[in-house]
Each structure stands twice: as structure tokens, then as C-alpha cells.
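Coordinate inspection notes
Okay, here's what each chain looks like letter by letter:
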Amino acid sequence: MRNQSRLIFRSIFRVKVSNPKSGALIGYVGDVSEFGFKLLSDTAIEPGSHRDLRLRMRLAENELLQIDLQASCRWSGVNEKTGYFEAGFILEQPSAEFTALVEKLRIMRNAFDEE
């Protein structure tokens, strides 16, 4: 059972997920909470696998947020509506940077919703 609320992105292309060593794009974050995220990808990811990942998000024209983290895939499957593979990841190590990202996204979402 989920203990924290998720932020669901209206545009899946907001937060890119890549391999930090090669820079190859793995997919995009579909939703995020303080402890993990849902990855949308063109390829399947094996549940139980551990990955080094890099999350990148452009906050403003000259501001790019980049976080390297380690996460484990808890579940995966295909979304029949979109055709994307979806995988649920949980952070292996709590990260102040990741928590700050989620908080910044919550603030941005609230500001956008108030407009």
C-alpha cells in the first residue's frame, strides 16, 4: 500500500531517465513520489534488477536539474493503451536531492494549478 502521494505528469517528456555511464535514454518518468517513480520506456525492464540512473529535468530556460541515483525495479508490464513498458522503481538509498526534486515539482504543480 502506498504511504505517500504521487505526482503524475501531464506530459511524459518532462523528466528524462538515462544511463549515467553512456548517456543513453532509457525512458521518461510517468509519476514520482519521495521514494520512487514509474518509468515509461520502449523496452522491458526486469523486476528485481538494480540500476544506476540519471534523472534530468529542465526547470527553466537556463536551469537543468540532474540527479544520479540507484534504484530497484519492483514491477513492470506493458500499458495496453499506450504501448509503453511501465516499471515501478524504488530508491535504494534515500536522497536529499531526489526529495528536493519532488518537493520542487509539488511547488511548481501547485503554482500551475492556482493560475
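Use the structure listed above.
A short tour of the structure in this document, coming up. (Residues numbered from 1 in each chain as written. Predicted model: local features only at pLDDT ≥ 70, side-chain atom pairs only at ≥ 80, totals over all residues. Heavy atoms only, no water.)

Describing the pairing of strand β6 (residues 63–78)
- Where β6 lies against strand β7 (residues 85–91), seven bridges are found, and the strand directions are antiparallel. Paired with Ser76 across the bridge in β7 is Ala87.
- Taking the residues that link successive antiparallel strands as the turn, the β6-β7 hairpin has six residues, and the phi of Gly83 there is positive, at about 85 degrees. (Pairing = 2+ DSSP bridges. Helix = DSSP H or I, 4+ residues; strand = E, 2+ residues; numbered from the N terminus.)

Overview of the packing of aromatic side chains
- Counting across every chain of the model gives two aromatic pairs.
- Plain terms: the ring middles of Phe37 and Phe98 are 6.4 Å apart, the flat faces sit at 45 degrees to each other, and that makes the pair tilted. Of this pair, Phe37 sits in strand β4 (residues 36–41) while Phe98 sits in helix α1 (residues 96–114), placing them 61 residues apart in sequence.
- Among the aromatic residues, ring-to-ring pairing joins Phe37, Phe89 and Phe98 into one connected group. (Phe/Tyr/Trp six-rings, centres within 6.5 Å; stacked < 30°, edge-to-face > 60°.)

Quick notes on the nonpolar core
- Phe37, Leu53, Leu55, Leu69, Phe89 and Phe98 are the most contacted members of the largest nonpolar core, which totals 23 residues.
- If you list the elements that add at least two residues to this core, you get β2 (15–18), β3 (25–33), β4, β5 (50–60), β6, β7 and α1.
- When near neighbours in sequence (up to four residues on either side) are disregarded, Phe98 contacts Val32, Ser33, Glu34, Phe35, Gly36, Phe37, Leu55, Ile67, Leu69 and Leu91. (Core = buried A, V, L, I, M, F, W, Y, C linked by side-chain atoms within 4.5 Å. Buried < 20%, exposed > 50% of the residue type's maximum accessible area, 1.4 Å probe, protein only. Contact = heavy atoms within 4.5 Å.)

Section: the environment of Leu101
- By the element assignment, Leu101 lies in helix α1.
- A relative accessible area of 4% places Leu101 in the buried class.

What about the pattern of salt bridges?
- Per the counting criterion, the structure on display carries four salt bridges.
- Notably, a salt bridge pairs Asp68 with Arg54, separated by 2.6 Å at the nearest N-O pair. Here Asp68 is found in strand β6, whereas its partner Arg54 is found in strand β5, with 14 residues between them in sequence.
- Its relative accessible area of 43% is what places Asp68 among the partly exposed residues. (Salt bridge = Lys/Arg side-chain N within 4 Å of Asp/Glu carboxyl O.)

Just distances and angles here, no functional claims.
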